[in-house]
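Notes for the structure review
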Amino acid sequence: MNSPAYQVAMLWAGDAEARRTMELDQTRLAAIAQALRAVGITPQAAVYSDDFVDEVRDQLLQLDGVLVWVDPIVNGRDRTVLDALLREVSDAGVLVSAHPDLILKMGTKEVLYRTRDMGWGSDTRIYRTPDALRTQLPVSLARGEPRVLKQYRGNGGNGVWKVERSNNADVRVRHAQRGSVEEVMTFDAFLTRCEGYFAGEGRIIDQAYQARLPDGMVRCYLVRDRVAGFGEQLINALLPAPAGAPPADAPSPGPRRYFPPSREDLQRLRARTETDWVPALCQTLAIEPATLPIIWDADFLYGPKDAAGDDTYVLCEINISAVYPFPDDALLPLARETLARLTARHTL
């Protein structure tokens, strides 16, 4: 008996013209489409905007699944309308690559606070109101070490700040968005900058700054619970200027380079991620491993060396909403995982 001919939408944000004219094989997702075809899945483009959500709903309800690439913040819009759509089509039996409820569990910055006691954790706090930020951040800064504040949902460094006390009552801050420079401002002025992060369900996570930031950041790309490749970025957005140089001389973020899951010097990180941290994440957040996102990634900063001189790692964030690009090594695992989930649903 032949396998069913599954049809899966590949969804990303765009306007009505893009939805009308865009050819899937002419987009940056073309290689993913090819991998899906290689395992017998027929992909189709699904350009999305809140402005034509009903049209997208009609399309998705005719398909077996949808793989989603939409950032949490796009041109001033969030995913509220999209997430409601994805919940609706999921309830109707359509496979969704990362369910919105799962994103709320593990794909927001609050995951840093909820998993702070895991092996990848660090000194992490959470401020749920502007008043909590006003009263508790000074306590956090009183140790004299920089802190990194992160808004609840965001991408591209938006709402991520390095903060430390200046020589007086002011604070020295640097936004992680590309093109930002270090500033010194009053504490009250910085609080005003942060007010918007508390809108709606907003909150701020406060994490210890990692002194080994100049050593770079490593990204583990995972298909469900297995590492499918690595990314490495040697110059991070919050990297300080060289010693003795003015703050404006801080280097701009560098490119991310991609590596297969077999990269030799990262096998210890791979093993800890697969055998220790992902199971602990699932247990801590009450996630069934089989429902983990089809493709996701975890960013790690280097922590202090351990007693044996080996690297330790500190979780910086988890990305689920729009994981691309990623190593070519992850293409076939992603396609096979998609097929396995569709087949499991079909045989129930």
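Coordinates for the structure precede this section.
Residues numbered from 1 in each chain as written. Predicted model: local features only at pLDDT ≥ 70, side-chain atom pairs only at ≥ 80, totals over all residues. Heavy atoms only, no water.

Looking now at the state of the cysteines. A full pass over the atoms with the stated rule returns zero disulfides. Free of any disulfide, Cys282 has its nearest cysteine sulfur in Cys220, 15 Å distant. (Disulfide = S-S within 2.5 Å.)

It is worth spelling out helix α9 (residues 267-285) at this point. Taking 1.5 Å as the rise per residue, α9 with 19 residues should run 27 Å; its terminal C-alpha atoms sit 25 Å apart, in good agreement. The largest bend in α9 comes to about 45 degrees, at Thr273. Those residues of α9 that sit buried are Leu269, Thr273, Glu274, Trp277, Val278, Ala280, Leu281, Cys282 and Leu285. On its buried face, α9 sits against α5 (100-106), α6 (110-114), β13 (217-223), β14 (226-233), β16 (296-303) and β17 (312-319). The positive-phi residue at the C-terminal boundary of α9 is Ala286, with phi of around 55 degrees. (Helix = DSSP H or I, 4+ residues; strand = E, 2+ residues; numbered from the N terminus. Expected span 1.5 Å × (residues − 1). Bend = angle between axes of the 7 residues up to and from the residue. Buried < 20%, exposed > 50% of the residue type's maximum accessible area, 1.4 Å probe, protein only. Contact = heavy atoms within 4.5 Å.)

If you walk through the whole model with that rule in mind, you get one cavity of 30 Å³ or more. Class assignment for the residues of the lining of the largest cavity results in nine nonpolar, two polar and one charged. (1 Å grid on protein atoms, 1.4 Å probe; cavity = no way out; pocket = protein on both sides within 12 Å on 5 of 7 lines; lining within 4 Å. Points joined across faces, edges and corners; volume = space filled by probe spheres on them. Nonpolar A, V, L, I, M, F, W, Y, C, P; charged D, E, K, R; others polar.)

What the rule picks out here adds up to 34 salt bridges. One salt bridge in this structure joins Arg203 and Glu201, with 3.8 Å as the shortest N-O distance. With relative accessibility at 11%, the residue Arg203 sits in the buried group. A salt bridge links Arg341 to Glu337, with the shortest nitrogen-to-oxygen separation between them at 2.7 Å. Separated by four residues within a single helix, Arg341 and Glu337 lie in helix α10 (residues 331-347), roughly one turn from each other. Overall, Glu337 belongs to the buried group, its relative accessible area being 12%. (Salt bridge = Lys/Arg side-chain N within 4 Å of Asp/Glu carboxyl O.)

Looking now at the sheet that holds strand β1 (residues 7-13). Pairing is parallel across the open sheet formed by four strands, whose spatial order is β2-β1-β3-β6. Strand pairing shows two members of the sheet lacking a second neighbour, β2 (42-48) and β6 (95-96), which therefore form its edges. Examined bridge by bridge, β1 and strand β3 (residues 65-69) share five bridges and lie parallel to one another. Paired with Ala9 across the two strands is Val66, which belongs to β3. (Pairing = 2+ DSSP bridges.)

When you tally the buried positions in β14, you get seven out of eight residues, the bulk of the element. Summarising the sheet, β13 and β14 pair through seven bridges and their orientation is antiparallel. When the bridges of β14 are listed, Tyr221 appears paired with Gly229. The loop that links β13 with its antiparallel partner β14 comprises two residues; one of these, Arg224, has a positive phi angle of about 55 degrees. In this structure, β14 lies alongside strand β15 (residues 256-259), joined through four bridges in antiparallel fashion. The partner of Gln233 across the bridge, within β15, is Arg256.

Any link to function would need more than the numbers given here.
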